[in-house]
Amino acid sequence: MVRRAGVADVAVLAELRSIDGDGIGTFADWVAAHAETHLPFVAEIDGTVVGAAWLLIAERIPGNGSPERWYGDIQSVMVREEHRNRGIGAALMSAILTEARTRGLLHVTVHSGRRAVDFYLRNGFSHHRQLLLWEPADS
């Protein structure tokens, strides 16, 4: 089962991000402060959270005839290792993309590690020739 995560899920969301101890309170504050822009989803098996993924909702500058231009970005997708390759990641993507459609988002991006590129391609994403990346040079 995949569902939107809530306040009661902050501890498990922190654990999936390897946040513990004093960091949990800071993380909980961050989640509360970003509740409108960063939507967490969790996957459960028998009531135990086995994976999570986040949908960042952001707005682009209005264009001629388009006063609202919202898009999404998938972040922090994680499925516990012992539950991988069972369709849990695909279920998380399905829930996130359903949310994106419901909200009328223009597009959804993801910044993937090399190992996960095929996963995203299987779940409806494609390479895009216009997406460019700048990274600061090492200091």
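Quick look at the structure, then.

Calculation rules
Along each chain, residue indices are assigned from 1 in the same order as the chain's sequence is written. Where local features are concerned, this predicted model is filtered to residues with pLDDT of at least 70; where side-chain atom pairs are given and counted, the filter is 80 or more; whole-chain, interface and lining totals use all residues. With hydrogens and water excluded, all non-hydrogen atoms of the structure serve as input to the side-chain values. In what follows, salt bridge is the name for a side-chain nitrogen of Lys or Arg lying within 4 Å of a carboxyl oxygen of Asp or Glu. The cut-offs for exposure are 20% and 50% of the maximum accessible area for each residue type, with area from a 1.4 Å probe on protein chains only; residues under the lower value are buried, those over the upper are exposed, and the others partly exposed. Elements are defined by DSSP. Helices are runs of H or I of four residues or more, strands are runs of E of two residues or more, and each kind is numbered from the N terminus. Pairs of N or O atoms are called polar contacts if they sit within 3.5 Å, as long as, within protein, a hydrogen donor faces a hydrogen acceptor (for residues adjacent in sequence, only side-chain-to-side-chain pairs). The contact definition used throughout considers only heavy atoms, calling two residues in contact when any of these lie within 4.5 Å. The rule for pairing is simple: two strands pair if DSSP sees at least two bridges between them. Here the axes come from fitting lines to C-alpha atoms, over the contacting stretch only for helices, and the angles between their N-to-C directions go from 0 to 180 degrees.

1. Some points on the pattern of salt bridges
Moving on, step 1. According to the stated counting rule, one finds 5 salt bridges in the structure shown.
Moving on, step 2. Between R3 and D9 there is a salt bridge; the shortest N-O distance is 2.8 Å.
Moving on, step 3. With a relative accessible area of 9%, D9 lands in the buried category.
Moving on, step 4. The structure contains a network of salt bridges with shared partners spanning R3, D9 and E44.

2. Some points on the side chain of H38
Moving on, step 1. In this structure, H38 sits in strand β2 (residues 38–45).
Moving on, step 2. H38 gets classed as buried once you look at its relative accessible area, which sits at 13%.
Moving on, step 3. A distance of 2.8 Å separates polar atoms of two side chains, one belonging to H38 and the other to T37.
Moving on, step 4. Look past the residues within four positions of H38 in its chain and what remains in contact with it is W30, W54, L55, L56 and Q75.

3. With respect to the sheet that holds strand β5 (residues 108–110)
Sheet strands associate in pairs through backbone hydrogen bonding, adopting either a parallel or an antiparallel arrangement.
Moving on, step 1. The strand order across the open sheet formed by 5 strands is β1-β2-β3-β4-β5, and the pairing between neighbours is mixed. Here the strands that pair on one side only, and so sit at the sheet edges, are β1 (2–4) and β5. Neighbour-to-neighbour, the strand axes of this sheet turn through a mean angle of 30 degrees, independent of strand direction.
Moving on, step 2. Relative to β5, strand β4 (residues 69–79) is paired through 3 bridges, and the arrangement is parallel. For D73, the partnering residue across the bridge sits in β5 and is T109.
Moving on, step 3. Across the sheet, helix α3 (residues 88–102) lies against β1, β2, β3 (48–60), β4 and β5, angled at about 30 degrees from β3, the strand it touches most.

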